Amino acid sequence: LDIFYYLIEGFDISPEFMYPLFFLLLFVYFSLLFSNVGVLVLIITEKSLHQPMYILFCNLSINDLIGNTVLLPRLMAHIISTERFITYNQCVAQAFHSHTFGSASHMILVIMAIDRYVAICHPLRYSSIMTTRTVVGLSATAWGVSLVLVSVLIGLTVRLSRCRSVIQNAYCDNASLFKLSCEDVSINNIYGLVFTVLLFSCSIGGIGITYFRIALICWMRKNKELNNRALQTCASHLVLYLIMLLSGFLTIILHRFPKYPDLRKIAYILFHVVPANLNPIIYGMQTKSLRHKITQILQRKLTPI
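Residues numbered from 1 in each chain as written. Predicted model: local features only at pLDDT ≥ 70, side-chain atom pairs only at ≥ 80, totals over all residues. Heavy atoms only, no water.

## Structural notes on the overall build of the chain
To keep it simple, the criterion reads: Helical segments are the DSSP runs of H or I of at least four residues, strand segments are the runs of E of at least two, and each set is numbered from the N terminus. Exposed residues in this analysis have more than 50% of their type's maximum accessible area, buried residues have under 20%, and partly exposed residues fall in between, with area computed by a 1.4 Å probe over protein chains only. For this analysis, residues touch if any pair of their heavy atoms sits within 4.5 Å. Using the Shrake-Rupley algorithm and a 1.4 Å probe, accessible areas are obtained, with residue cover drawn only from the displayed protein chains.
The helix and strand tally for the chain stands at 10 helices and three strands. The order of helices and strands in the chain, counted from the N terminus, is β-α-α-β-α-α-α-β-α-α-α-α-α. Counting the 305 residues in the chain, one finds 47% classified as buried. Contacts spanning at least 24 positions in sequence make up 80% of the contacts within the chain whose residues lie at least 6 apart. For the chain, the accessible surface area stands at approximately 16,000 Å², while carbon and sulfur atoms represent 71% of it.

## Quick word on helix α7 (residues 186-221)
Rules: Helix span, expected: 1.5 Å multiplied by one less than the number of residues in the helix.
With 36 residues, α7 should reach 52 Å at 1.5 Å per residue; the first-to-last C-alpha distance of 52 Å fits that figure. Phi for Lys222, located one or two positions after α7, is positive at around 50 degrees.

## Some points on the nonpolar core
Among soluble globular proteins, nonpolar side chains are generally buried collectively. Let me state the cut-off plainly: Among buried residues, those of type Ala, Val, Leu, Ile, Met, Phe, Trp, Tyr and Cys that are joined through side-chain atoms within 4.5 Å constitute a nonpolar core.
In terms of nonpolar packing, the biggest core is built from 79 residues, with Leu72, Leu75 and Ile167 touching the most fellow members. Secondary structure elements with two or more residues in this core: β1 (5-8), α1 (15-45), α2 (52-79), α3 (88-121), α5 (132-158), α7, α8 (224-254) and α9 (261-285). Among the elements that make up this core, the one with the highest residue count is α3 (18 residues). With sequence-adjacent residues up to four places away left out, Ile167 is seen in contact with Tyr6, Leu7, Ile8, Glu9, Ile86, Cys91, Cys172, Ser176 and Leu180.

## Re the state of the cysteines
The bond known as a disulfide is covalent and runs between the sulfur atoms of two cysteines. Cut-off, in case you're wondering: Disulfides are defined as cysteine sulfur pairs within 2.5 Å.
Tallied over the entire structure, the rule returns two disulfides. Each sulfur in the disulfide pair Cys91 and Cys172 lies 1.9 Å from the other. Disulfide Cys91-Cys172: torsion about the S-S bond near -105 degrees, hence left-handed. Taken together, the positions of Cys91 in helix α3 and Cys172 in the loop between β3 (166-167) and α6 (174-178) put the pair 81 residues apart, joining distant regions of the chain. On the accessibility criterion, Cys91 (1% relative accessible area) is buried. Across a sulfur-sulfur distance of 1.6 Å, Cys163 and Cys182 are joined as a disulfide pair. As the torsion about the S-S bond is roughly 85 degrees, the Cys163-Cys182 disulfide counts as right-handed. Placement of the pair is Cys163 in the loop between α5 and β3 and Cys182 in the loop between α6 and α7, with a sequence separation of 19 residues.

## Thoughts on the pattern of salt bridges
Note that side chains of opposite charge can pair when their charged atoms are close. Quick reminder of the rule: Each salt bridge in this description consists of a side-chain nitrogen of Lys or Arg and a carboxyl oxygen of Asp or Glu lying within 4 Å of one another.
Counted according to the given criterion, the structure contains one salt bridge. For the salt bridge of Arg116 with Asp115, the shortest nitrogen-to-oxygen distance reads 2.7 Å.

## Some words on the UniProt feature "transmembrane region" (unreviewed entry) in the chain
The line we're drawing: UniProt positions are given in the numbering used here, feature names are shortened, and annotations may be inferred rather than shown by experiment.
Feature annotation in UniProt places "transmembrane region" (unreviewed entry) on residues 20-44, 135-156, 190-214, 235-254 and 266-285, given in this structure's numbering. Helix makes up 100% of residues 20-44 and strand 0%, with an end-to-end C-alpha separation of 36 Å. Helix makes up 100% of residues 235-254 and strand 0%, with an end-to-end C-alpha separation of 28 Å.

## Focus: the side chain of Thr157
The condition is simple: Under this definition, polar contacts are N or O atom pairs within 3.5 Å; protein pairs additionally need one hydrogen-donor-capable and one acceptor-capable atom, and for neighbouring residues in sequence, both atoms have to be side-chain atoms.
With respect to the secondary-structure elements, Thr157 resides in helix α5. Within polar-contact distance, the side chain of Thr157 engages the side chain of Asn174 at 2.5 Å. Contact partners of Thr157, with chain neighbours within four places excluded, come to Tyr88, Asn174, Leu177, Phe178 and Asn188.

## Here's the deal with a nonpolar patch on the surface
What counts is decided by this rule: Patches draw on residues past 30% relative accessible area with no salt bridge. Two like charges within 9 Å are joined, as are two nonpolar side chains (Val, Leu, Ile, Met, Phe, Trp, Tyr) within 5 Å.
Where nonpolar side chains cluster on the molecular surface, the patch consists of Tyr5, Leu7, Phe85 and Val166 and spans about 380 Å² of accessible area. With respect to the element layout, Leu7 can be found in strand β1. Overall, Leu7 belongs to the partly exposed group, its relative accessible area being 35%.

## A short note on the environment of Leu25
As for its placement among the helices and strands, Leu25 is situated in helix α1. The exposure class assigned to Leu25 is buried, which follows from its relative accessible area of 11%. Sequence spacing of Leu25 and Val273 is 248 residues, and the spatial spacing of their C-alpha atoms is 9.4 Å. The contact partners of Leu25, leaving out residues within four places of it in the chain, are Leu72, Leu75, Met76 and Ile79.

So, in structure tokens, the structure goes:
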């Protein structure tokens, strides 16, 4: 890798909107930091929350923190800066972490869907099926597969020589990196397509199968309490997954339509930001143990001595 600086195209923002947009993103970044770090600290410090389900919350929060810390601070700096430069090493690192964030998000949400299926459809066997060892193993597999797939994706791009100096994006991703090359990028496109199809197929297939089985069991049993519990625990998960899926699809599709560069950039930022802000709020508030602990802490803080 060389150490030359590359120009990031970024957004074409009017001067009067630079600082309002900067402070908006700063608020969004601090809010997701506060919420995700808060959930992590609470789960780690409270022994009663040392359960398999909360390991998944930790995975999600750690992934959101890494993905957005790699993206947002540099994006905010470029918004108020007249010189939007980045080294190739920094760009590769940002692309690697960004793609790892995306693939890990899909896999963690699939594991969470399986967890919900076992909890709703086999509640008496939940503790024997979803043990700490099982959840740790599934989590390690999700991270391991993501790291391997993304390493190959970025590795194929890093091998290319570069003849351009402008990154046609507001951030660094794999497509922006290999567009710097004048070489044949057929292998990159083929692997990128296989990577995307494999990831989305496993993600959509896993989520679809678990939700279909949950819906089927709820329909067959016709139990009002079971249906309410399924709706309460699955609705938020499905909404967040659909937001992430649609923004991800938009980003991939819009790479093929250079006439809409700003729309592609916005879709990618939403893919990072929206789930990261909603995850700890929705999952935290819908989990009785976590909600109870948060309420207790707030009551202790607000009660006068």
